[in-house]
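Architecture at a glance
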Amino acid sequence: MYRLIDGKKIAAEVKQEIALQVTQLKSAGKKVPHLAAILVGDNGSSQTYVANKVKDCEEVGFKSSVLKFGNDLKEADLLIHIANLNNDDDVDGFIVQLPLPAHISENKVIEAIDPEKDADGFHPVNLGRMMIGIPSYLPATPFGIIELIKRYKIETAGKNCVVIGRSNIVGRPVSILLSQKGMDASVTVVHSRTKNIESIIHNADIIISAIGSPLFVKAGMVKEGAVVIDVGTTRVSSPDTKSGFKLIGDVDFDNVAPKCSYITPVPGGVGPMTRVGLLLNTLTACMKKM
Ligand SMILES: NC(=O)c1ccc[n+]([C@@H]2O[C@H](COP(=O)([O-])OP(=O)(O)OC[C@H]3O[C@@H](n4cnc5c(N)ncnc54)[C@H](OP(=O)(O)O)[C@@H]3O)[C@@H](O)[C@H]2O)c1
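**Describing the packing of aromatic side chains**
Taken as a whole, this structure holds 2 aromatic pairs when the rule is applied. Aromatic side chains Tyr2 and Phe253 sit 6.0 Å apart centroid to centroid with 90 degrees between the ring planes, which places their arrangement in the edge-to-face category. With Tyr2 in the segment before strand S1 (3-4) and Phe253 in helix H9 (residues 253-256), this residue pair connects regions lying 251 residues apart in the sequence. Taking relative accessible area as the criterion, Tyr2 reaches 26% and is therefore assigned partly exposed. Ring plane angle 75 degrees and centroid distance 6.3 Å describe the contact between Tyr152 and Tyr262, whose orientation is recorded as edge-to-face. A residue pair is termed long-range when its members are at least 10 positions apart, and Tyr152 in the loop between helix H6 (140-151) and strand S5 (160-164) and Tyr262 in strand S11 (residues 260-263) qualify at 110 residues. The buried category is assigned to Tyr152, whose relative accessible area is 7%.

See the structure below:
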């Protein structure tokens, strides 16, 4: 019988821990953490993500602010707004919600963020620090995945771990974190050009799928007793929900789960932990200044 990795429950626990720390800061007469977000354009998913981040801040007692701009915002102007947040002493951490309109370079934007305020952990300085294993702001999703693995006491040392997907925000960083001393997994990263992908996945003790291809991981690819962490979230339209859409993971949950020792659901697995990662980075940034 598999065990469900309940990201919603763990995220609620971590949020309570953060809220307690905020209460302690307040009663010591200190400033509460302030997370800012820049939202450019009218992408529906981005609007929802930013609204959820504001809600999370309220829940744990953080201050939050959102700077909203239209699709026609010039790259140069966005860089000025980023510089202003870099120089604003009241803002501890901030994010620029991705994706950005095509005329704006995401890399330029990420590099313009002060690494000390980089709540998303996407800046090359933070990725470099992570790479060599010194304290840094970790990208929120890999951070959330590692936290789930630790809190469920899932053994990683010496295990074969296959990460499906090699993006800079999920696949690649989580592969680095899992192979570091302390986690000690043997990690293989597979992607769209990998040959024999099914047999590589079948060899995995731990599978982390981050590709955004609904139900890609089928029962036949999964070894008995494997741990399966599904990062993928693809929006598909659905007449059954109020919003008119539902989220589908990369894993064919119904057929894969009976073979697993542990598995995350979608939604309610990695997603809530990603949001918590952002809060923790902001809390750290605020406490560092004290
Ligand atoms: N739950 C959360 O909090 C959270 C957070 C972030 C992302 N996500 C979700 O996670 C998924 C991945 O996001 P991302 O930003 O990492 O995506 P991404 O930048 O689009 O990268 C996708 C990766 O998957 C690989 N890939 C795509 N199709 C494949 C296939 N059929 N077989 C093998 N590899 C394949 C791609 O390979 P190539 O490099 O060869 O193109 C690429 O490396 C999306 O569904 C996204 O919505 C969820």
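**Regarding the sheet that holds S1**
Two strands in a sheet stick together by hydrogen bonds in their backbones, pointing the same way (parallel) or opposite ways (antiparallel). In spatial order, the strands read S1-S11-S8-S7-S5-S6; together these 6 strands make up an open sheet with parallel pairing. The open sheet has two edge strands, S1 and strand S6 (186-190), and neither has a second partner. Here S5 runs beside S6; their pairing, made up of 5 bridges, is parallel. The residue of S6 that forms the bridge with Val163 is Val189. Contacting S5, S6 and strand S7 (206-209), helix H7 (residues 171-179) crosses the sheet at an angle of about 165 degrees to S5.

**Observations regarding the sheet that holds strand S2 (residues 34-40)**
Read from one edge of the open sheet, 3 strands run S3-S2-S4, paired in parallel fashion. Across the chains shown, the open sheet's two edge strands, defined by having one partner strand only, are strand S3 (63-69) and strand S4 (93-96). Each strand axis lies, on average, 15 degrees off the axis of its neighbour in the sheet, ignoring direction. As paired elements, S2 and S3 share 7 bridges and run parallel to each other. Bridge pairing in S3 places Ala36 opposite Ser65. Against the sheet, helix H3 (residues 75-87) touches S2, S3 and S4, its axis set at about 180 degrees to S2.

**A word on helix H1 (residues 7-27)**
Relative to the 30 Å expected for 21 residues at 1.5 Å per residue, H1 spans 30 Å between its end C-alpha atoms, a close match to the ideal helical length. For H1, every residue scored as buried is listed here: Gly7, Ile10, Ala11, Val14, Lys15, Ile18, Val22 and Leu25. The buried residues of H1 occupy one face: seen down the axis, they fall within an arc of 135 degrees. The outward face of H1, more than 90 degrees from its buried face, is lined by the exposed residues Gln16, Leu20 and Ser27. Those residues of H1 that are buried are in contact with helix H2 (44-60), H6 and helix H10 (270-288). A side-chain oxygen of the first residue of H1 lies 3.2 Å from the backbone nitrogen of Lys8; this N-cap is Asp6. Just downstream of H1 lies Gly29, where phi reads positive at about 75 degrees.

So, how was this worked out
Residues numbered from 1 in each chain as written. Predicted model: local features only at pLDDT ≥ 70, side-chain atom pairs only at ≥ 80, totals over all residues. Heavy atoms only, no water. Phe/Tyr/Trp six-rings, centres within 6.5 Å; stacked < 30°, edge-to-face > 60°. Helix = DSSP H or I, 4+ residues; strand = E, 2+ residues; numbered from the N terminus. Buried < 20%, exposed > 50% of the residue type's maximum accessible area, 1.4 Å probe, protein only. Pairing = 2+ DSSP bridges. Contact = heavy atoms within 4.5 Å. Axes fitted to C-alpha atoms, helices over the stretch in contact; angles between N-to-C directions. Expected span 1.5 Å × (residues − 1). Arc of directions from axis to C-beta. Polar contact = N/O pair within 3.5 Å; in protein donor to acceptor, adjacent residues only side chain to side chain.

All quantities given are derived from atomic positions and should not be read as evidence of function.
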